[in-house]
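# Remarks on the overall topology
Residue-level listing of the chains:
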Amino acid sequence: YRNLCERLSEIFGEQTAHTSDERPEIEPEMLKEAFMTMKEAVDSFDQDLIESVMSQLEEYKLPEDFTDVFDRIKLLFAEVAMDDLAKILDEWIGKI
């Protein structure tokens, strides 16, 4: 996804919001709260809430070690792999 954005920005000569370094860096407490909210939403199979939280997280620059995790979370959500999504959220909530 990021590679696509980078290639498109090269073609069109502009940066997208997702690759901009101007996004504010997320506070650890906010990231943990977002992951906990997503975990609760996974437990209740509330896909709208999960999508809303992910959309809000896109507006922030995540710590580098969470960027790959967030990409994995988006992939699992797209695949509706709720059990795997719950596992990865549980794992990373403890690391924040």
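Residues numbered from 1 in each chain as written. Predicted model: local features only at pLDDT ≥ 70, side-chain atom pairs only at ≥ 80, totals over all residues. Heavy atoms only, no water.

### Considering the packing of helix α2 (residues 28–43) against helix α4 (residues 64–78)
The following threshold applies: Between N-to-C directions, angles cover 0 to 180 degrees, with each direction set by a line fitted to C-alpha atoms, over the stretch in contact for helices. Numbering of helices and strands runs from the N terminus; a helix is a DSSP stretch of H or I covering at least four residues, while a strand is a stretch of E covering at least two. Between 65 and 115 degrees an angle is taken as roughly perpendicular, under 35 as roughly parallel, over 145 as roughly antiparallel, and anywhere else as oblique. Two helices crossing with the near one rotated counterclockwise from the far one by less than a right angle form a left-handed crossing, whereas a clockwise rotation gives a right-handed crossing. Pairs of residues are marked as contacts when any of their non-hydrogen atoms sit within 4.5 Å. Residue type decides the class: Asp, Glu, Lys and Arg count as charged, Ala, Val, Leu, Ile, Met, Phe, Trp, Tyr, Cys and Pro as nonpolar, and the leftover types, Gly among them, as polar.
For the pair α2 and α4, the least separation of the axes is 14 Å and the interaxial angle reads 20°. Between α2 and α4, the crossing angle belongs to the class labelled roughly parallel. Once α2 is placed against α4, the crossing between them reads as left-handed. For the pair α2 and α4, contact is made by L31, F35 and M38 and by F66, V69 and I73, respectively. The class makeup of the residues in the contact of α2 with α4 is six nonpolar, no polar and no charged.

### Remarks on the packing of aromatic side chains
Threshold: Planes of paired rings set the category: under 30 degrees apart is stacked, over 60 is edge-to-face and the rest tilted, where pairs are Phe, Tyr or Trp rings (Trp by its six-membered ring) whose centres lie within 6.5 Å. Each residue is assigned to one of three classes by its accessible area relative to the maximum for its type, calculated with a 1.4 Å probe on protein chains only: buried under 20%, partly exposed between the two thresholds, exposed over 50%.
By the definition in use, this model includes two aromatic pairs. Ring plane angle 80° and centroid distance 5.9 Å describe the contact between F35 and F66, whose orientation is recorded as edge-to-face. One end of the pair, F35, is in helix α2; the other, F66, is in helix α4, with 31 residues separating them in the sequence. Comparing F35 with F66 shows no difference in burial state: the two are buried. An angle of 65° between the planes, with centres 5.0 Å apart, marks the rings of F66 and W92 as edge-to-face. Placement of the pair is F66 in helix α4 and W92 in helix α5 (residues 82–93), with a sequence separation of 26 residues. W92 carries the same exposure label as F66, and that label is buried. A connected cluster of aromatic rings, assembled from ring pairs, spans F35, F66 and W92.

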